[in-house]
Structures are given as C-alpha cells and as structure tokens.
Amino acid sequence: MSGFLARRDTGAVEEMDRPDCDPGRLENTYRQFGLVNAVVSGWRHTYVTLLRPRLSAASSCSLLDVGSGGGDVPRALARWARRDGLDLDITAIDPDERAHAFAVAQPKVPGLAFRRAFSSELVAEGRTFDAVISNHLLHHLSPDGFSGLLRDTEQLSPGIAVHSDIARHRLAYGLFSVGTLPLRGSYIRTDGLTSIRRSYTPAELRLRLEEERSTGWSVRGAPLFHNLLVYEGGGTDHA
C-alpha cells in the first residue's frame, strides 16, 4: 500500500473523542451508528459463524461488549439471540459518560444492561462471560491499551472473544468517503475516515500479536474490509 494510507496514522484524533465536541453532532453520530454498523461492520456474519455456535441453547449464557458506544451492536446481538431462542445476558460497557447516557436513554431491550466501566474493573470484580466482543475499538488503543485489552479479555472469557475492527485499505477509504456523503449533521464521515487511517492491516495486526506473545489469539479476515482478532481460550463449546 502506498500513499497516505501506507502507515497507521496514530496521531489522528477523531472529533467525537474530543471532550469539547458539539453535543448535537455527537448525539447524531451515536444515532447514525446503527445504520452504518448494520451496513459495514458484519456482525450478523460474525454472530452466526463464531458466536452462536459457542452459546448454549440449553442454559443461560453471557456476553460482554467492551467499548459499546451508543449500544447498537449489543442491541442487535440481543435481538438475534432472542430470535434464536438463546437466553443471553449481555453487559455493554463504555467509560465515556456521553456514550453511556445515550445508550441508557434508548428503549430498553430484555437481557441487555449498560454500564459505565472499563474492562479492568470487571476483571477486578472477578466477572467472567461466555463471550467477549468489541466493535471498532482496536484502532483507538495505545500500545499499552492494546496489551491491557488482551490481558483483560483472557481473564474475562474462558470461551471465545471477537474484537472486530476496520482493516485499512484504499478501497475501504474511497467507498466509505462516498457512501457516507448523505449522512449530515454528525461526525460519521470525518471520524470514519480517520478511523480507517488509524486502523491496522491484517499483517500489522498479526505482527502486533507476535509482539504480545499471547497464546490462543488469531487474526482472521472478514467481509467488508474488517479484521477479526479472535481468542479461543479452550472453554467448553456449546451444541
């Protein structure tokens, strides 16, 4: 890859991450995430192929979403699980008070609870889950934050974890730039393009894993220019 996408732009800052960003545009961003993630994030495919086979239909099971933002992804997972007859209890955490306020203001979904917290707090509480996920979180993290997420995940889920993130690619950048032009009054387009610049290529993410020397992790490709950082800790598979 050549040009301005040749390397991760780790110095770029998303507007919605700034504490003084416009509240109205921020709320619109959270609201539009539901549409954007439904189109580009691929969670339906990930749920069907990786998560659902590891969740029990015979007993209750649990899932943790780290960095849940406005909450659209855990809401979708809760709907799919209920439709499939799964008794799934979802905890969605985000330390940002603005994201948490938006999420809890939306209509309640059975089996889904939002909490303002870091993953390390749940580790300290001794919590465990059948599955741990995150959506578009990895590119936000510093090297220490990346290491911390891996450590926390390994302690929080003895079963499976899927951290899904954008894969940096010129075509992804071009398509997102054009496809989000109609989305006005939010940070979706500008921050989405920044996210692509900050994100990993599959090779970079594999190298990052090698540097961590953590076992049980793998990088898998996913549709629509996504990387899946998958942890399989050896927990019991469910039929």
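Reading the values: the criteria
- Residues numbered from 1 in each chain as written.
- Predicted model: local features only at pLDDT ≥ 70, side-chain atom pairs only at ≥ 80, totals over all residues.
- Heavy atoms only, no water.
- Helix = DSSP H or I, 4+ residues; strand = E, 2+ residues; numbered from the N terminus.
- Rg over C-alpha atoms; globule rule 2.2 N^0.38 Å.
- Buried < 20%, exposed > 50% of the residue type's maximum accessible area, 1.4 Å probe, protein only.
- Core = buried A, V, L, I, M, F, W, Y, C linked by side-chain atoms within 4.5 Å.
- Pairing = 2+ DSSP bridges.
- Axes fitted to C-alpha atoms, helices over the stretch in contact; angles between N-to-C directions.

## Side note on the overall build of the protein
Consideration 1: Summing up its helical and strand segments, the protein has 9 helices and 7 strands in all.
Consideration 2: Taking 239 residues into account, the globule formula puts the C-alpha radius of gyration at 18 Å, and the protein, at 17 Å, falls close to it.
Consideration 3: Summarising its shape, the C-alpha atoms of the protein cover approximately 50 × 40 × 30 Å along the three principal directions.
Consideration 4: Counting over 239 residues, the protein shows a buried share of 49%.

## Details of the nonpolar core
Consideration 1: Judged by nonpolar contacts, the single largest core of 27 residues is most densely connected at Leu 51, Leu 63 and Leu 77.
Consideration 2: For this core, the secondary structure elements donating two or more residues are helix 2 (43-51), strand 1 (61-66), helix 3 (72-83), strand 2 (88-93), strand 3 (112-115), strand 4 (131-135), strand 5 (160-166) and strand 7 (226-232).
Consideration 3: Looking at this core, the element that brings in the most residues is helix 3, giving 6 residues.
Consideration 4: Ranked by size, the runner-up nonpolar core spans 23 residues in total, among them Leu 149, Leu 156, Ala 161 and Tyr 231.

## A look at the sheet that holds strand 3
Consideration 1: Reading across the sheet, the 7 strands line up as 3-2-1-4-5-7-6 and stay open at both edges, with mixed pairing between neighbours. Only two strands of the sheet have a single neighbouring strand rather than two, namely strand 3 and strand 6 (217-222). Adjacent strand axes in the sheet meet at a mean angle of 20° when their direction is disregarded.
Consideration 2: As defined by bridge partners, strand 5 adjoins strand 7 across 7 bridges and the pair is classed as antiparallel. The residue of strand 7 that forms the bridge with Ser 164 is Leu 228.

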